[in-house]
Every structure is written in C-alpha cells, then in structure tokens.
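Examining the three-dimensional arrangement
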Amino acid sequence: MHSLKSWRYPAKWILFRTDDRLLLIFIAVIVGICSSLAAILLNRSLIAILSWLHPFRQIWWAFVLPGIGAAMSSLFLEKIVNEGAGHGVPEVVYSVSRYGGLMRFRSSFSRLISSCLTIGSGGSAGPEAPVVMSGAAIGSNIAKFFSLNDRQRVALVGCGAAAAISSIFNAPIAGMIFSMEVILGEWSSAYLIPIAIASVAGTEVSRILQGNQIVFSHRHFDIDLMNIVVCLGLAIITAAASILLTRMIKYMNGKYGKAPVPLWMRAALGGCTVGLIGLFFPVVLGEGYNSIHMMIEGVFAQGFIIVVLAAFLKILATSLTLGSGGSGGIFAPCLVIGSFTGLAYHRGLVLLWPSVSWVNEGCFALLGMAGLISGMLQAPMTAIFLIVEITGGYEVILPLIIVSTISTTFCRYIESASFYLKDLTEKGHLLRPRTDARVLTELNVRELLETDCIGVKQNMLLRDFINIVKKSHRNYFPVEDEKTGHFLGMIYLDDIRPYLFNPGMYDAVLLGQIMDINVQTVALDDDLTEILDIMDINHLYSMPVVADNKFAGMISKATLLNQYRKELMVQAND
Amino acid sequence: MKLAINEIAKYLDLPVNTVERWIRQGKIPVHRDGPDCIFKKSILKKWAVSRNLSFTLPKNSETKHPGIEMENLLPAIKRGGLIHNTKGDSVNAVLKAAVDKIGMLSADAKKELYERLLERERLTSTGIGNGVAIPHPRTQLPEVKENASITTCFLEEPVDFSAVDDKPVFVMFILLSPSVKIHLRLLSRLAFCLRDESFVKFLRTTPDTDAFFERIAAFEKQIDKTDAL
Amino acid sequence: MEAQLFHIFRNTPLGRETLFQSTYFCSKTGAAINIYVPEFTKFLMYFENDVIQINLDESYLTAPGSALEHATEVVMQKNIKPKFIKPKHFTASTLPDIPTGFDFMCCPRSISDLSSKIGIGYIGPRVRRIVKSARFPVLITSPVYKEWSSITVFFGGSANAVNALKLGFRIKRATKMPLYIFTQAEKGHKKTCKDVIKHENLEKEMEQLADRWQIFEKGKFEENLYKVPHDSLVVLGAYGHGFIKDIVFGSKMEKIQSTVSNNLLIVGPNYTATV
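Here the structure is a predicted model, which means the values were calculated and not measured. (Residues numbered from 1 in each chain as written. Chains lettered and ligands numbered in written order. Predicted model: local features only at pLDDT ≥ 70, side-chain atom pairs only at ≥ 80, totals over all residues. Heavy atoms only, no water.)

What about the overall build of chain A?
How we decide: Helix and strand definitions follow DSSP, with helices as H or I runs of at least four residues and strands as E runs of at least two, each counted in order from the N terminus. Two residues form a contact once any of their heavy atoms are found within 4.5 Å. Under the convention used here, a 1.4 Å probe and the Shrake-Rupley method define accessible areas, while residue burial counts only the protein chains that appear. Under the convention used here, Asp and Glu are negative, Lys and Arg are positive, and both His and the chain ends fall outside the count. One atom stands in for each charge, and that atom is NZ of Lys, CZ of Arg, CG of Asp or CD of Glu.
Looking only at helices and strands, chain A features 26 helices and 5 strands. When the backbone C-alpha atoms are referred to their principal axes, chain A occupies close to 100 × 60 × 50 Å. Across chain A, every contact between residues at least 6 apart in sequence was considered, and the portion connecting residues at least 24 apart equals 76%. Accessible area for chain A stands at about 23,500 Å²; split by element, carbon and sulfur atoms hold 65% of it. When the 42 positive and 42 negative side-chain charges of chain A are each reduced to one mean point, those points stand 5 Å apart.

Spelled out as structure tokens, the structure:
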C-alpha cells in the first residue's frame, strides 16, 4: 500500500531528496505539455467559434453577439465556477508572492472558457492572459498533486506561464522571459532551468500540433540610421497610447462598477457597445491577429485618418470589453493597437517628409507593437524577445530595443507600475523576492517572540520586585493580574530606577502603582510592517505582544534584525 | 539523519516556527516525514555555512564549561585553607608572609602574586572596614586556571591597612579566581557574610578550621535560599 | 496561549444555533472564539499544500447590519469575549483570504442540500478537503443546540484514529468530562488496536484518561452506534478511502454523521497533536 502510494511523493525519493533539480526538470516537462495543450485548446476553439459565427457577421443585429458572449462569460464565471472577472495575471503574481504559488484547480480552466466566450463572440481582448493563468494554475496543481514545497511550486507556476506564452506564440525565449520578468520577478538559475525546459516542451507540443510557423512573418527590412532616430518619436507615441489604454480601462471599470445592474448585464452592455463599433470598424473585434498580419505585410490599405481612428477605437473597444467585465487579457489588443500606432506614425512621417525613403510600414507596425507591449507590461525584455520571435526578424533588433526601453521609461514616469501589477502595488501585495516587504511578510510575530521576560503581579511589593530584577536579563517586566492573568501594563527599568535605590520605598510601593499602563501592544497576527511603523512613530525599540489579554512575549528590533538577516540570506536561491 | 523538528531548530539556533516555515517553503534542505525531519548532515551543514547560520550537533555544544556557575564560597575557602598567626607589622610584610604560605602556587607565581597584590593595594586599600581586608590581584594570575581559592589569614597583630574606616585589619581573605565573573560572584558572597556583625565578632575569636567552615556553610545555604546573589 | 476556534457566522436562527454550539464548545474547552462575519459569499483558505475556496449560500449575508450585534449577544451569554476576524488580504476584490492558523473550525450542518456549499446535510467534499489539509480538527455541530457532557472517541487503529484519540485526551484534559472509547473490532482487530496504542506510547494516557473502552466484536457498526451516549461529543478521524471506495461502500464518516446527531469533531491527517 505504502509503496503504491509513494509515487505521489517523488520529493521523498532518495534520488531527489538531496537535490531536486532533476525532479523539477521532469515535472516541468509535464507542466509544459499540459499548459501548452490548454493554450492550443483555447486557440483552436477560438478559431472554431469565429468561423462558426462568421456567416452572422453580415447581419445587422450582429452587434449583439459580443454582448451575448460577454454576458455568458460573466455568468459562467460568477455562477458556475464562482470566480471574479479580470484576466487573472495579478492573481497569479499575488499567489506567487504570498502563498508560494498555491492556486485553485478551477483557475486552470475557468478563464479559458470565459475568455473563449468573450473573444470568440467578438469582444476585444486577448487570449494570452487567460492562458497564462491556466498554465500557472496547472503548474500549481501538479505541484500540489506531488506534494512539493513552496519553492518548487513557484518554479512550476513559472513553468506553466512560460509554456503557455511559448506555445501560443511559438516563442520559447519570450515565454521564459515573460515568466521570469513578470510572474516571478526573479532571475535565478534554480528557476531558469525548469522554466526553460517547460518552454521547450510547450513550444514543441505546439509545433507538433499547429506546425512550426512564425506567427507574423514578414519581408526583409532595410533599416538605416534615419529610421532609428525617428523611432524615438514612435516610442513616445506608443507610451502615450499605452497610458491612454490603461486609464481608459480603469475609467470604464469605475463606470461599470457603479452601474446598478447584475454583473452579466454590465458585461452584456459593454459587449453590445463593442459590437456597435464593430459594425463600422470590424478590425476592432476579436483578438485581431488578422489585421496585424495585414499591417506587417504592408497591405493594410486605409489612409492616415482611418488608421488613427482605428487605433483609438481599438483602445475604446478593449476598455469597454475588459472594463465591463468581459474576460480576457490585454496582450493581443496591445499588439493590435501597437501596430495601428506604428502604422499611423509611418503614414504621418510619409505625409510630412514624402521625399525621405522610409523603411516599409510593416516595420513600424512591428516596432509599435513592441512599444505598446513594453509600455503596458513595463517589461522591455519580454517585448523585445517576443517581437523578435513572433516576427522571426532579427534585423529590427536595434530600433526594437530603443522603442521598448524608451517606451517603458516614459510609462514609468506616469504609471508607477505595469498594468498587470498596478492593483497589487496599490494594495501593497507585490512582494518580490528579497525585498524588504517580502522578508517582513514571511516573518511573523511568533517567530520573533522573546519569552525570557519575567512576569510580575500587580500587588507585588517593590521589595520583592528587586529580587526579580536581580534574576532577570531584561529591562522589561510585564505586569499581570493575579486572578485572570490578564496583561495590565509594563514596568520599564529605566522609568523606575530612582525608586530602586530608595529603600524607603521598598515596602510602600506596589507594582500596580508604578507600572506604565498606556503601553502600545501588538497582537500575534499583526503584520510586521505595521508593527515597525508603530515602533518608528513612537520611537520604540521593543513592544509587548499581547494575545487574548495575556502577555505572550516581547518583540524587539534587535531580534527582528537578527531574523531579518537570516531570512534574507535564506531567500537567496543558490 | 532523522531528527524531530524542535531538535533541528535547536541546533540551528532558530525558532521552531521558522524552521517549520522554511521546510514548507523549501528554503532548507530538510524533508518532513510526519513529526520527523529527514536530512543529510553534510548537505545541511554546507547549506548552513553558505547562509551564515550556525549548525552544531549536540556533541559539540554540551561540553561548555560546566563548573562556572556552580563556583561557591565554601569550596573556594576550603581550597584556600586557613592560615593562623600571620606575622608582620606592615601591609607589605603581612602580604609577603601570607603569600609565602599559600600552598598550591609555585615560587615564581608567589612572587608575581605578591607584586600584583601590592600593586592593587597601591590603587586603593582592600581593607573594607571592620578590621577585614580582601586583597586580590587586579588581573587574573596565569597560574590560576580552573578553581578559585580564598585563603583566610588571621594576623598575629592587627595591621594598619589604611582601610575605609581606619580600623586596623586583623583578618585577610586573599581571593584568587580564574575569571572576573567568578571573582565577582565570590566577592559578593563573601561581602554578604562580612556584612553580618556577629560573623565579624566570630572571626575576632580566631576560630578553628571546622567551626569556620561550618559558619560559612550556613551562610552559603542562606544565600542560596534567597537566591539573592 | 488559548486555543482558537474559527466560526463563520450566519445571521439566521439556524446560524444562531450553530454559534451557540461553538460557544458551548469554547466555554467547555477554554478556547477563544474567532468569528468571521462574511461580506462575500466566497472566501479562500490557504493551507500548507492546498487552497480551498469556500462558497457560502446567500443566507450567510442576511441582514449584515445586525450580524455583529447578534453574534456578540450570543457569545456574551457564556461570558466569552468574541473576537471578530476581518480579512486583511484579498486574492481578488470579492475573494478574501481567511487565515488558517486556528485550533478548531466549526462547520454547520444544515438542511440545505447543495453539495458544494459549506453547511450541508452531509459532510461534503469541501469540508472533507478542509479536514484533509488543515492542521485543525473540524467541529460539525448538531442541527440544533445540544450540550454534551461526555466525550466519545471512535478508535479503529488507523493513523487518523490515533490523532482522534490524542484529541480526545486533549479535550478530556480541558473539560474533565468522562471519556469513552469505542472500537468496532472484527476478528483479530482488537489486538491490532492494542498494538497501535502500545506503539504510540499512549498506554499511560489510556489508563489515566479513558473512563471506558468499549470494544464491539459483534453486531453491525450502525447498530452499535446506538450505544453512543446521546449527549456526547463524538471525536473521529477522517476515514480517507478515496473517491471510488466512498462511492461503492459509502463513507464511514457519512454513515456516522447521518446516524448520530451528536456534535462531531473530525480529525484529519495533518493534525499535529500534543497529548
């Protein structure tokens, strides 16, 4: 019986007990394959739904389709799987930073289905974030199945996310970098190796099933110095566009959040509005990969005004879809908006200086995508590698780097955190490894408790107290009630020093009279960050910890520093 | 190796809660197996060193100076012994005579001790009043390594020690100790005895060895009971 | 440190019965009560190796205005000071995280039959998962408030049953109530049980704390359940057989809970007991 069951606890095998790297690589392959299959499943079903709905697009009432889809997706999330709306990436980062990557099993499919409904029906959103969430949840649940520890689980969550991106874009490096830069926020070899393996597995599965094709292949570009210089302008424009998108989504979220109707009604309303826009500008509907294709190929024929309008409308449609409660990510819309922006920039340049020989407009569309992605995600590395890989063109790397980095820089001026992590940073939940906040969150009051204080009773004479002082190592004495044992106050040796050397007081003073009753106390489950704030405000170095009205121990900055340092050392991952 | 979690915590000098959390988070190369923890000693040691943590298994940590806390007055006084009728009419002379009679020291050490005692006397007199002096070297003698000793010397004639109360000294306790901590402990215990007027009176009778030891033992018991020192 | 009991308050007459039950438990064992007044119908509990989403039915959100007052009123009747839990962290905006460092958790039995919700007519998969992952035992209250004056431990010799036995000793120590131990023994099983106790070094406690050890060698399990005193707190280990076995043979845990209406305290494999 025991031997039969032990396969579920591979971490206990002798082979893996001392070094889990091999184990992680094995499981990473499994996670990579599963996560990649989930991504392909979503992709295939999106294509199926799109082609199934295609005949209806021409009919005048087609604008309700996105509404129905969004409503269904919202109902599915709310009633069937009991989850909130949103794209899910913050949830992944949250669980990675606070709970060692523990995620619910339902997360591994809920967003897939809901985003499929939203996007398939025409809502303007991307399938990437839901796929990332599913991949991460798959990784987490596989780790749970094998009873792995937190560090290994986090690695597998990263594996799932990496494999999802790798698989959907056929871009292994971008997957790896996305996972490290956005999800884990940590570059260490212990994580890099399983994630790399998972990326490879994910990409390979997708290549076997989907064929090895570059998502947006293009013609050869000739880029000279002049083109690189004008990239600066493009970087600023894409930064502006990504800020606009961020703000719009937030605005719509606030607007719809106040609407006094059920969630699915809001989603339906948002969806119908998108549908209406789609009637006149079908390019804004869906994830929009087709239009990106056209733009990079340089066959997108419309003029400057139309392109600018399309960029704005796509922003509007995306914020309507996501803000009203539709399910999906911003990755694909970013790519579309980015290519519109790039194209518009190119058209503008041609209008202004028709004599200069600009590079093909497809190149600018591509740079625009990089600019928008790096602006929204504030993750320039991901943007650079993703664009290089999905376009298969290394020759654009120089302007690509410029646009990505500068766009990120500008966005950071205005938005303090990326779109994915904004909510988390605002609530103080973004706890990257080896940061102050992370260390303080991991430590808890129980671990820092100093229990070597000697408690005294309130009706004790000063004379008896002197004998206790002789025995004690500490300068603090908690005063307790005789009967209930409740904490009443503290005696600080510094405060009562004058009385200690006055034998006349020995039999005249009770401890209850000289104790300090206005003491700042903390509870066992208080957050260390809050405790430290209180200490700083009141210039304290230690505080008594009181649990259920009883004195539990002291907490002091000295012990904290000791443990803090150990924690920091231990967090170093190889 | 297999150990309970609180033992590991003890050897790592960490709270149990922390070790528990580290195992769960996979930050420490230890596996949980029910209430026990499984680990490989060499790997855990290497890990501890690289994280600046101490990891000592019980063998090394338990043999840590057992006797220090237990050094008491009576054994030290027994060790030092009693010297009656110490001759001399000045501080230097009585100290010289007393040091010569201290049993367990070598000739060189005696010379050094004498010089150090004089040096200490020059700083301030060790006559603490009531005719009692506690001469001691300011720094520890290299030859006194393990056990402290108090040699009680009754003087033939009271000597002017320029004590705090200017009373001539009739008894000296020469205090030799291996460390400052023990020195202070013995000094404080001795002082506790000498605070008692009746004890000083008793000393003036130049009691014999057994009666003296008995008296000290009684005091020691009293001190241990109140646990004041 | 007092033991902590976690209670999810439902502001309905039924919820009041449950809270009375929890308060009674606390007053007997000297545990402190932590009450969570839900603001959303779902919340998460992060355990060591699992995260469980708990969905409450709408009745938990009844009359939020009076909930605090009602809860305080009930708990104060036993002179216990209620402690209210406010979730500090949220996984999503309507999905609070509830801490899991408690010593007991109270799950109500109710007449609702939605299997995925908490507080179901039978011990549903959700409560079972809590039992499986949590370090604390789960208190399943009787349908209406019922005081108990003895403790009955079901001891069958498995690892979880040993945990149940340890918990029984612990509660016996806290409450000083009589402790009965029931064992349904098939052939030769009696010896195994005794061996287990020897192996776990529990003989001394068994002698000192157990007032009666009743071993049934005859009769069906369900029939023998009649012997359980009606006013007894039943402590049992979770019988984890796996999903398939449960469907085919039926879970022993369900059988017990459907047969006796006593308060049940169910112990899982992660319960770290100190005797």
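Some points on the sheet that holds strand β1 (residues 4-8) of chain C
Residue and element names in this part refer to chain C. Condition: When DSSP finds two or more bridges between a pair of strands, those strands are recorded as paired. The angle between two axes is taken between their N-to-C directions and runs from 0 to 180 degrees, where each axis is a line fitted to C-alpha atoms and a helix contributes only its stretch in contact.
Ordered by their spatial adjacency, 10 strands build an open sheet running β5-β2-β1-β8-β9-β14-β13-β10-β11-β12, and the pairing between neighbours is mixed. The open sheet is flanked by β5 (83-84) and β12 (212-216), the only strands paired with a single partner. By the bridge criterion, 3 bridges tie strand β8 (residues 104-107) to strand β9 (residues 138-140) in an arrangement that is parallel. Across the sheet, residue Cys106 finds its bridge partner in β9, namely Leu139. The sheet strands contacting helix α4 (residues 159-175) are β8, β10 (150-154), β11 (179-184), β13 (232-237) and β14 (264-267), and the helix crosses β13 at an angle near 150°. Strands in contact with helix α9 (residues 252-259) are β10, β13 and β14; relative to β14, the strand with the most contacts, it is inclined by about 170°.

Side note on helix α5 (residues 89-99) of chain A
Residue and element names in this part refer to chain A. Spelled out, the test is: Burial classes: relative accessible area under 20% of the type maximum marks a residue as buried, over 50% as exposed, and values in between as partly exposed (1.4 Å probe, protein chains only).
Along α5, 11 of the 11 residues are buried, which leaves the element largely enclosed by surrounding structure. Those residues of α5 lying buried are Val89, Pro90, Glu91, Val92, Val93, Tyr94, Ser95, Val96, Ser97, Arg98 and Tyr99. One or two steps after α5, the chain reaches Gly100, where phi turns positive at roughly 60°.

Things to note about the domain arrangement of chain A
Residues and elements named next belong to chain A. Convention followed: Domains are outlined according to an automatic or database domain assignment. When two parts are brought into contact, each loses some accessible area as probed by a 1.4 Å sphere; the total of that loss over both is the buried area. Any Lys or Arg side-chain nitrogen found within 4 Å of a carboxyl oxygen on Asp or Glu counts as a salt bridge. The term polar contact refers here to a pair of N or O atoms within 3.5 Å; inside protein, the definition further demands a hydrogen-donor-capable atom paired with an acceptor-capable atom, and it admits residues adjacent in sequence only when both atoms are side-chain atoms. Amino acids outside the nonpolar list (Ala, Val, Leu, Ile, Met, Phe, Trp, Tyr, Cys, Pro) and the charged list (Asp, Glu, Lys, Arg) are all regarded as polar, and Gly is one of them.
Assigned domains of chain A: these are domain 1 (16-210), domain 2 (225-428) and domain 3 (438-572). Between domain 1 and domain 2, the C-alpha centre-to-centre distance is 22 Å. In this complex, domain 1 contributes 46 residues to the contact, which on the side of domain 2 involves 43 residues. When the two sides are added together, the surface that domain 1 and domain 2 hide from each other amounts to roughly 3,500 Å², 70% of it contributed by carbon and sulfur. Of all residues in domain 1, Phe63, Ser124 and Phe169 give up the largest surface area on contact with domain 2, accounting jointly for 18% of the area buried on that side. Along the contact surface separating domain 1 from domain 2 lie 0 salt bridges. On the surface where domain 1 and domain 2 come into contact, there are 13 residue pairs in polar contact (both at pLDDT 80 or more). Taken together, the elements giving at least two residues each to the side of domain 1 that touches domain 2 come down to α3 (21-53), α4 (64-80), α5, α6 (107-120), α7 (128-145) and α9 (172-184). For the side of domain 1 that touches domain 2, the element with the most residues is α4, which contributes 10 residues. Here the side of domain 1 that touches domain 2 is built from residues that sort into 28 nonpolar, 12 polar and 6 charged.

Examining the domain arrangement of chain B
Along its sequence, chain B is carved into domain 1 (2-50) and domain 2 (73-228). Each of domain 1 of chain B and domain 2 of chain B was reduced to a C-alpha centroid, and the two centroids are 52 Å apart.

Thoughts on the packing of aromatic side chains
Note the following rule: Each aromatic pair joins two rings of Phe, Tyr and Trp (for Trp, the six-membered one) with centres within 6.5 Å, and gets the label stacked for planes under 30 degrees apart, edge-to-face for over 60, and tilted for any other angle. Ring-over charges, as used throughout, are those where CZ of Arg or NZ of Lys falls within 6 Å of the ring centre and within 35 degrees of the ring normal.
As enumerated under the stated definition, the model contains 34 aromatic pairs over all chains in all. Aromatic side chains Tyr99(A) and Tyr46(C) sit 3.5 Å apart centroid to centroid with 5° between the ring planes, which places their arrangement in the stacked category. Remark: Tyr46(C) occurs in strand β3 (residues 42-46) and Tyr99(A) occurs in helix α5; the pair is interchain, linking two chains. Assigned by exposure class, Tyr99(A) and Tyr46(C) land together as buried. Taken together, Phe154(B), Phe199(B), Phe202(B), Phe212(B), Phe213(B) and Phe219(B) form an aromatic cluster joined through their ring pairs. The ring of Tyr114(B) has Lys96(B) sitting right over it, with the charged end atom 5.1 Å from the ring centre.

Some details on the interface of chain B and chain A
At the interface, 24 residues of chain B touch 22 residues of chain A. In this assembly, chain B packs against chain A so that about 2,000 Å² is buried in total across both faces, 50% of it on carbon and sulfur atoms. Taken together, the links from chain B to chain A amount to 5 salt bridges. The residue Lys27(B) makes a salt bridge to Glu567(A) at a minimum N-O spacing of 2.9 Å. Put simply, chain B and chain A have 12 residue pairs in polar contact (both at pLDDT 80 or more) between them. Going through the elements one at a time, α2 (16-25), β2 (30-33) and α3 (41-50) of chain B are the ones with two or more residues in the side of chain B that touches chain A. Considering every element that reaches the side of chain B that touches chain A, the biggest residue donor is α2(B), with 7 residues. For the side of chain B that touches chain A, a count of residues per class yields 9 nonpolar, 6 polar and 9 charged.

Notes on the interface of chain C and chain A
Taken together, the contact pairs 25 residues of chain C with 27 residues of chain A. When chain C packs against chain A, the two sides together hide about 2,100 Å² of surface, and 43% of this comes from carbon and sulfur. Together, Tyr46(C), Asn49(C) and His89(C) form the three largest contributors to the area buried by chain C at its contact with chain A, with a combined 27%. Across the contact surface, chain C and chain A share 1 salt bridge. The salt bridge partner of Lys144(A) is Asp50(C), with a shortest N-O separation of 2.9 Å. At the boundary of chain C with chain A, the tally comes to 10 residue pairs in polar contact (both at pLDDT 80 or more). Broken down by secondary-structure element, the contributors of at least two residues to the side of chain C that touches chain A are β3, β4 (51-55), β6 (89-92), β7 (95-98) and α3 (125-133) of chain C. Among the elements that line the side of chain C that touches chain A, the one with the most residues is β6(C), at 4 residues.

Topic: the pattern of salt bridges
For the coordinates displayed, the defined rule picks out 29 salt bridges over all chains. For Asp211(C), the salt bridge identified is with Lys172(C), shortest N-O distance 3.0 Å. Of this pair, Asp211(C) sits in the loop between α6 (203-209) and β12 while Lys172(C) is found in helix α4, placing the two residues 39 residues apart along the sequence. The class of Asp211(C) is partly exposed, set by a relative accessible area of 46%. Here the residues in one salt-bridge network are Arg438(A), Glu442(A), Glu447(A), Glu567(A), Arg21(B) and Lys27(B), joined through shared partners.

Overview of the sheet that holds β2(B)
Strands in a sheet are paired, the pairing made by backbone hydrogen bonds, and the direction either parallel or antiparallel. Residues and elements named next belong to chain B. Reading across the sheet, the 3 strands line up as β1-β3-β2 and stay open at both edges, with antiparallel pairing between neighbours. Bordering the open sheet on either side are β1 (2-4) and β2, each of which pairs with just one other strand. Each strand axis lies, on average, 35° off the axis of its neighbour in the sheet, ignoring direction. Sheet topology places β2 next to strand β3 (residues 36-39); 4 bridges connect them, and they run antiparallel. Following the sheet pairing, Arg32 is matched in β3 by Cys37. Helix-sheet contacts for helix α1 (residues 5-12) involve β1, β2 and β3, and the interaxial angle to β1 is about 90°.

Here we look at α9(C)
The α-helix advances 3.6 residues per turn, and as a result positions three or four apart in sequence lie on the same side. Put simply, the rule reads: By construction, the arc corresponds to the directions joining the helix axis to the C-beta atoms.
Of all the positions in α9(C), only Met253(C), Glu254(C), Ile256(C) and Gln257(C) are classed as buried. Here the buried residues of α9(C) occupy an arc of 160° about the axis, which is enough to place them on one side.

Regarding the nonpolar core
Spelled out, the test is: Nonpolar cores are built from buried Ala, Val, Leu, Ile, Met, Phe, Trp, Tyr and Cys residues. Side-chain atoms within 4.5 Å join them into one set.
Core analysis: the biggest nonpolar cluster contains 131 residues, and Phe169(A), Phe178(A), Ile183(A), Ile330(A), Leu377(A), Leu400(A) and Tyr420(A) have the highest contact counts within it. Once you skip the residues sitting within four places of it in the chain, Leu377(A) turns out to touch Phe178(A), Ile330(A), Phe331(A), Ser418(A) and Tyr420(A). Core analysis: the second largest hydrophobic core is formed by 46 residues, Leu5(C), Val75(C), Cys193(C) and Leu265(C) among them.

Side note on a nonpolar patch on the surface
Residues and elements named next belong to chain A. Here is the rule: Patch members must show over 30% relative accessible area and no salt bridge, and they are joined within 9 Å when carrying like charges or within 5 Å when they are nonpolar side chains of Val, Leu, Ile, Met, Phe, Trp or Tyr.
Taken together, the side chains of Ile33, Leu37, Ile208 and Leu209 make up a nonpolar region of the molecular surface, amounting to roughly 360 Å² of accessible area. Those elements giving two or more residues to the nonpolar patch turn out to be α3 and α10 (189-210). Tracing the sequence through the fold places Ile33 in helix α3.

Here's the deal with the side chain of Ser374(A)
Residues and elements named next belong to chain A. By secondary structure assignment, the location of Ser374 is in helix α16 (residues 361-377). Separated by 3.2 Å, the side chain of Ser374 and the backbone oxygen of Gly371 make a polar contact. For Ser374, the contacting residues outside a window of four places in its chain are Ala379, Pro380, Ala383, Val403, Ser404, Ser407 and Thr408.

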